[in-house]
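# An overview of the molecular structure
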Amino acid sequence: MEGKGETGFLTTTRHEGLVRDSLAGLDAGVVAVYGKVPHEMVLLDLYHALRPLDEITGATTNDDILNLIFSRFCIGK
């Protein structure tokens, strides 16, 4: 997913790497959706996209993600 949206800049190479990791997780999620992968598995890709951004912002915890997953989907059926 290249260049769609606003332009900007990152101030550190560490942040640049984390944003690239996040985009890779989003790309994997898109591939999974088009591949009709079960939504629980797509959530894992989205989690992998969110985790690097959390390293930058510190906005979400692992507990937040798990609570969201278990509140919306019944895993194990």
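This report concerns the structure included in the present document.

Procedures and definitions
- Residues numbered from 1 in each chain as written.
- Predicted model: local features only at pLDDT ≥ 70, side-chain atom pairs only at ≥ 80, totals over all residues.
- Heavy atoms only, no water.
- Helix = DSSP H or I, 4+ residues; strand = E, 2+ residues; numbered from the N terminus.
- Buried < 20%, exposed > 50% of the residue type's maximum accessible area, 1.4 Å probe, protein only.
- Contact = heavy atoms within 4.5 Å.
- Areas by Shrake-Rupley, 256 points an atom, 1.4 Å probe, with all protein chains shown as cover.
- Salt bridge = Lys/Arg side-chain N within 4 Å of Asp/Glu carboxyl O.
- Polar contact = N/O pair within 3.5 Å; in protein donor to acceptor, adjacent residues only side chain to side chain.
- Expected span 1.5 Å × (residues − 1).
- Arc of directions from axis to C-beta.

### Remarks on the overall build of the chain
Looking only at helices and strands, one finds 3 helices and 0 strands in the chain. Sequence-ordered secondary structure for the chain, helices as α and strands as β, is α-α-α. Counting over 77 residues, the chain shows a buried share of 18%. Here the contacts in the chain between residues at least 6 apart in sequence split such that 55% fall between residues at least 24 apart. Here the chain displays about 6100 Å² of accessible surface, and carbon together with sulfur accounts for 60% of that area.

### A few points about unusual backbone geometry
The phi torsion at lysine 36 lies on the positive side, around 60 degrees, for a residue other than glycine. Tracing the backbone shows lysine 36 in the loop between helix H1 (13-34) and helix H2 (39-57). A residue is classified by how much of its surface remains accessible, and lysine 36, at 73% relative accessible area, is exposed.

### Concerning the pattern of salt bridges
Per the counting criterion, the structure on display carries 2 salt bridges. Here arginine 14 ties to glutamate 55 by a salt bridge, and the two come within 3.8 Å at their closest N and O atoms. Taken together, the residues arginine 14 in helix H1 and glutamate 55 in helix H2 connect sequence positions 41 residues apart. With a shortest N-O distance of 2.7 Å, arginine 20 and glutamate 16 are connected by a salt bridge. A residue pair is termed a helical-turn pair when its members lie 3 or 4 positions apart in one helix, as arginine 20 and glutamate 16 do in helix H1 at 4 residues. Accessibility expressed as a relative area gives 30% for glutamate 16, which makes it partly exposed.

### Structural notes on the side chain of serine 22
Locating serine 22 in the fold gives a position in helix H1. Using a relative accessible area of 4% as the deciding quantity, one classes serine 22 as buried. One polar contact links the side chain of serine 22 to the main-chain carbonyl oxygen of alanine 49, over a distance of 2.6 Å. If we skip the residues at most four places from it in the chain, serine 22 touches Ala49, Pro52 and Leu53.

### Notes on H1
One full turn of an α-helix is made of 3.6 residues, so residues set three or four places apart face in the same direction. Spanning 22 residues, H1 covers 32 Å between terminal C-alpha atoms, matching the ideal 32 Å at 1.5 Å per step. Among all positions of H1, only Leu18, Ser22, Gly25, Gly29 and Ala32 are buried. Projected down its long axis, H1 shows its buried positions confined to an angular sector of 75 degrees, all on one face. Facing away from the buried side of H1 by over 90 degrees, the exposed positions are Thr13, Arg20, Val31 and Tyr34. On its buried side, H1 packs onto H2. Following H1 by one or two positions, lysine 36 has its phi on the positive side, about 60 degrees.

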